[in-house]
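Residue-level structure breakdown
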Amino acid sequence: MNKAKDVILLAKEKGYSCDKKGNAIGPKGNILVSPTKEARNGRQGFTIRTDLLTGKRSTSVIPLHRWIAFCKFGNRIFDEALVVRHLDGNVRNNSWNNL
């Protein structure tokens, strides 16, 4: 079992999405994480409930760059040979064209 993969697939199943600007969008259409928001730990991400995976009340954080890459490339991001990187070197630039 790959927890990171399972959490990303659960987010897709629950209706999370993204846009080409690099925003993570919740199932109700609200922007969860925007590239312009400051992250507390230097990394951007959003939290989802993972009760369906664990069988108990729990949450997991999905890094924003991984989520945008998944939206763009689909299941290919789980291939160990694929490397997702920021083309301009700016880790805060999670726009579609920069990954």
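Data block above holds the structure.
Definitions and cut-offs
- Residues numbered from 1 in each chain as written.
- Predicted model: local features only at pLDDT ≥ 70, side-chain atom pairs only at ≥ 80, totals over all residues.
- Heavy atoms only, no water.
- Helix = DSSP H or I, 4+ residues; strand = E, 2+ residues; numbered from the N terminus.
- Expected span 1.5 Å × (residues − 1).
- Buried < 20%, exposed > 50% of the residue type's maximum accessible area, 1.4 Å probe, protein only.
- Arc of directions from axis to C-beta.
- Contact = heavy atoms within 4.5 Å.
- Polar contact = N/O pair within 3.5 Å; in protein donor to acceptor, adjacent residues only side chain to side chain.

Further remarks concern helix α1 (residues 3–14). In a regular helix each residue adds 1.5 Å, so 12 residues correspond to 16 Å; α1 covers 16 Å between its end C-alpha atoms and thus fits that length. Residues of α1 that are buried include every one of V7, I8, L10 and A11, and no others. Around the axis of α1, the buried residues are gathered within 160° of arc, so they sit on the same side. For α1, the exposed residues set more than 90 degrees away from the buried face come down to K12 and E13. Elements that come into contact with the buried residues of α1 comprise β4 (45–49), α2 (51–54), β5 (59–63) and α3 (64–73). Residue N2 occupies the N-cap position of α1, its side-chain oxygen lying 3.2 Å from the main-chain nitrogen of A4. Remark: G15 follows α1 within two positions and exhibits a positive phi of approximately 100°.

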